[in-house]
Amino acid sequence: MISKEYIDSMQERLDWCVNTERYETAARLRDLIIYETTEDQEFKHQYYLDLLRKYAPETPEFYKKMKAKYNL
């Protein structure tokens, strides 16, 4: 599990990104924080697949491989 200090650091960076209008980076940090703080493994696997579709659409074969791995 990721440490609370690390999550707090990411949250501070996310807040800075929003305040300085770096919204794309803020969105990526938000997604990472959600992923890293999720304890429900099934939700985490589905969220990971959603992030793959969102941030790496050019790798459909990797998406299919991970989907099969997680049986989703």
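We now turn to the structure provided with this report.

Rules used in this analysis
- Residues numbered from 1 in each chain as written.
- Predicted model: local features only at pLDDT ≥ 70, side-chain atom pairs only at ≥ 80, totals over all residues.
- Heavy atoms only, no water.
- Core = buried A, V, L, I, M, F, W, Y, C linked by side-chain atoms within 4.5 Å.
- Buried < 20%, exposed > 50% of the residue type's maximum accessible area, 1.4 Å probe, protein only.
- Helix = DSSP H or I, 4+ residues; strand = E, 2+ residues; numbered from the N terminus.
- Contact = heavy atoms within 4.5 Å.

Things to note about the nonpolar core
And then number 1: Counting residues in each nonpolar core, the largest one holds seven residues, listed as Ile7, Met10, Leu14, Cys17, Ala26, Leu29 and Ile33.
And then number 2: Looking at this core, the elements with two or more residues in it are α1 (4-19) and α2 (23-37).
And then number 3: Considering every element that reaches this core, the biggest residue donor is α1, with four residues.
And then number 4: When near neighbours in sequence (up to four residues on either side) are disregarded, Met10 contacts Leu29, Leu32 and Ile33.
And then number 5: Grouped together as the second largest cluster of nonpolar side chains are five residues, Leu49, Tyr63, Met66 and Tyr70 included.

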